[in-house]
Amino acid sequence: MRIGIVCYPTFGGSGVVATELGKALAKEGHEIHFITYRQPTRLDFFNENLFYHEVDIKSYPLFEHAPYELALASKMVNVVEFEKLDLLHVHYAIPHASAAYMAKQILKSQGIEIPVVTTLHGTDITLVGKDPNYAPVVTFSINQSDGVTAVSEDLKKATFEHFDIKKDIEVIPNFIDLDRFKKQKKEHFKRAICPNDEKLLVHTSNFRKVKRVEDVIKVFFEIRKVLPSKLLLVGDGPERDKMERLCRELGTCEDTRFLGKLDAVEEVLSVSDLFLIPSEKESFGLAALEAMACEVPVLSSNAGGIPEVNIDGVTGFACPIGDIKEMTQKALFILSDENLPGFKKRALARAKEYDVSNILPHYEKFYKETIEKTLTLTK
Ligand code: GMT
């Protein structure tokens, strides 16, 4: 198949999933055309089946905000026409689904029928999407998509709750490439950070409010009182300054390191003992899956779709949002010498279920069905 993939090119989960999906499809022989405003962060290797089309956003003194959605729709029209695409797959509804709708209508006027698949990722539904300033367009463009997928059962449920959706939504969970995300031998790194064999805790995120990074620091503050441990915070975002100040207030700076954005996050995960993800909202929690693939148990909140991935009491624990006391108790339970090996083993076993080789066929099947359905309807 010839597939156009539209996504955010940044470190965010939806962009990562879209890029990894494109790379995996290209390896299977499909021709993949990424359409976005910058080279996706994870589009980091050459494959003869991978192409990248940059959306050029022209500004003009009259525009306070350059109309990205128009430039994107125009680019989609252009790429579908000239590359003879079979399908457009847009990740994150805003503004990709509505731009795809516009592109579809323009192409229709030229006698070209292009099926559109929209994948819902989380905040496009649970936070930004349901805002009344966007909701009518989000509802309309989801209903106009030829196929809709969501990354978890919980997100599917939330979509029906928040919007008047007339379409079926197929749940296709996120996935992981276990060839890349696996425990690596990085003991020298562990010794440098934990010279006295302390336990190593890690959190990775985009440091937005919904991630509740303050809970990571508070739980660590409590754990550190009873168990020698260190904390690594990977990523960057709007809350980072505040979090650095919180560490100073609590006096945990000595045992905490802010590593910023890291490409090779699997190297850090390889030496970690516990991954913390106490989010307020989380449709899936790809970061938790990446940790589990590196044999790291997960201490999470029970928000959204996280408990579908992190099985409570098996691969870690999923605690009530903001419950520092319970999170601390459960973290200490996991980190005990007798429990840790079992949690690590089960985390890896669970991650294996999400290997890309298991999930990719679901997307391929869904594409084929959507193409057939769309073409039958328009005959
Ligand atoms: O977490 C973010 O804010 C990034 C966001 C995105 O769209 O880039 O992540 C969402 O999509 C990921 C991939 O499907 C999911 O693993 C995350 O759980 C989801 N984030 C939220 O729902 C907050």
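Every chain is numbered on its own, with residues counted from 1 as its sequence reads. Per-residue local features of the predicted model are confined to residues with pLDDT of at least 70, and side-chain atom pairs are confined, for both listing and counting, to 80 or more; whole-chain, interface and lining totals are unaffected and use all residues. Excluded from the side-chain calculations are hydrogens and water; all other atoms, namely the structure's heavy atoms, are used.

(A) Layout of the overall build of the protein chain. Scanning the protein chain for helices and strands turns up 15 helices and 13 strands. Its C-alpha atoms give the protein chain principal-axis dimensions of about 70 × 45 × 35 Å. Type-normalised accessible area, obtained with a 1.4 Å probe on protein chains alone, sets the label of each residue: buried when under 20%, exposed when over 50%, and partly exposed for intermediate values. When burial is assessed residue by residue, the protein chain has 55% of its 379 residues classed as buried. Here the protein chain has roughly 17000 Å² of accessible surface; of this, 51% comes from carbon and sulfur atoms. Of note, the protein chain has its 49 positive side-chain charges centred 2 Å away from the centre of its 56 negative side-chain charges. Numbering of helices and strands starts at the N terminus; helices are DSSP runs of H or I of at least 4 residues and strands are runs of E of at least 2. Surface exposure here means Shrake-Rupley accessible area, sampled with a 1.4 Å probe, where a residue is shielded only by the protein chains that are shown. Charged residues are defined narrowly, with Lys and Arg counted positive, Asp and Glu counted negative, and His plus the chain ends left uncounted. Where a charge lies is defined by one atom per residue type, namely NZ (Lys), CZ (Arg), CG (Asp) and CD (Glu).

(B) Spatial organisation of the UniProt feature "domain: Glycosyltransferase subfamily 4-like N-terminal" (unreviewed entry) in the protein chain. UniProt positions are given in the numbering used here, feature names are shortened, and annotations may be inferred rather than shown by experiment. In this numbering, the UniProt entry assigns the feature "domain: Glycosyltransferase subfamily 4-like N-terminal" (unreviewed entry) to residues 11-180. With 42% helix and 16% strand, residues 11-180 has its two end C-alpha atoms placed 17 Å apart.

(C) The sheet that holds strand β10 (residues 256-260), seen in detail. At least two DSSP bridges between two strands are required for those strands to pair. Spatially, the six strands line up as an open sheet ordered β10-β9-β8-β11-β12-β13, and their pairing is parallel. Of all strands in the sheet, those bounded by a partner on one side alone are β10 and β13 (316-319). Geometrically, the sheet is characterised by an average inter-axis angle of 20 degrees between neighbouring strands, direction not taken into account. Direction of pairing for strand β9 (residues 229-234) relative to β10: parallel, over a ladder of four bridges. If you follow Leu233 over to β10, its bridge partner there is Phe258. Fitted lines through C-alpha atoms give the axes, limited to the stretch in contact for helices. The angle between two N-to-C directions lies from 0 to 180 degrees.

(D) Just the UniProt feature "domain: Glycosyl transferase family" (unreviewed entry) in the protein chain, in detail. Within the UniProt annotation, "domain: Glycosyl transferase family" (unreviewed entry) is assigned to residues 185-340. Helix makes up 40% of residues 185-340 and strand 19%, with an end-to-end C-alpha separation of 18 Å.

(E) The domain arrangement of the protein chain, seen in detail. Examined at the domain level, the protein chain breaks down into domain 1 (2-175 + 356-378) and domain 2 (187-352). An automatic or database domain assignment provides the domain bounds reported here. Computed from C-alpha atoms alone, the centre-to-centre distance between domain 1 and domain 2 is 31 Å. Throughout, a residue-residue contact means that at least one pair of heavy atoms, one from each residue, lies within 4.5 Å. Contact with domain 1, which involves 20 residues of that partner, is made by 14 residues of domain 2. At the boundary of domain 1 with domain 2, total buried surface from both sides reaches about 1200 Å², with 60% on carbon and sulfur atoms. Two parts placed together each lose some accessible area; with a 1.4 Å probe, that loss summed over both constitutes the buried area. Interface area lost by domain 1 to domain 2 is led by Phe11, Asp154 and Asn174, which between them contribute 33%. Any carboxyl oxygen of Asp or Glu that lies within 4 Å of a side-chain nitrogen of Lys or Arg is treated as forming a salt bridge with it. If you look at where domain 1 meets domain 2, you find one salt bridge. The closest approach of N and O atoms between Arg42 and Glu290, which form a salt bridge, is 3.3 Å.

(F) Summary view of the site of the ligand. Contacts to the ligand come from 19 residues, most closely from His121, Asn174, Arg208, Lys211 and Glu282. A distance of 2.7 Å separates an oxygen atom of the ligand from a polar side-chain atom of His121. Any N or O atom pair separated by 3.5 Å or less is treated as a polar contact, with the protein-specific requirement of one donor-capable and one acceptor-capable atom, and with residues adjacent in sequence counted only for side-chain atom pairs. Gly285 is positioned such that a nitrogen or oxygen atom in its backbone is 3.0 Å from an oxygen atom of the ligand. For the ligand, whose accessible area on its own is 480 Å², the fraction buried by protein is 95%. A total of three residues in the shell around the ligand trace back to one element, the largest contributor, which is helix α1 (residues 13-27). Residues are grouped as follows: nonpolar covers Ala, Val, Leu, Ile, Met, Phe, Trp, Tyr, Cys and Pro; charged covers Asp, Glu, Lys and Arg; every other residue, Gly included, is treated as polar. Considering only residue class, the shell around the ligand consists of five nonpolar, 10 polar and four charged. Each of domain 1 (2-175 + 356-378) and domain 2 (187-352) accounts for three or more of the residues forming the shell around the ligand. Proximity is defined per residue: if any heavy atom of the residue lies within 4 Å of a molecule or strand, that residue is considered near it.

(G) Representation of the sheet that holds strand β1 (residues 2-6) in the model. Sheet architecture is open: seven strands sit in the order β3-β2-β1-β4-β5-β6-β7, paired in parallel fashion. Two strands in the sheet have a free side with no partner beyond their single neighbour: β3 (50-54) and β7 (170-171).

(H) Geometry of the side chain of Glu290. Tracing the backbone shows Glu290 in helix α11 (residues 286-293). Other than its neighbours up to four places away in sequence, Glu290 contacts Val16, Arg42, Ile176, Phe181, Val265 and Leu269.

(I) Region of the structure containing the packing of helix α8 (residues 213-226) against helix α9 (residues 240-250). Put simply, α8 and α9 touch, their axes get as near as 10 Å, and they point 20 degrees apart. As judged from the angle between their axes, α8 and α9 are roughly parallel. Read as a crossing pair, α8 and α9 show a hand that is right-handed. Where α8 abuts α9, its residues Val213, Glu214, Ile217 and Phe221 lie against Met243, Leu246, Cys247 and Leu250. A per-class count over the contact of α8 with α9 returns seven nonpolar, no polar and one charged. Oblique is the label for any angle not under 35 degrees, not over 145, and not in the 65 to 115 range, which are roughly parallel, roughly antiparallel and roughly perpendicular in turn. Handedness of each helix crossing follows the sense of rotation of the near helix against the far helix: counterclockwise by less than a right angle gives left-handed, clockwise gives right-handed.

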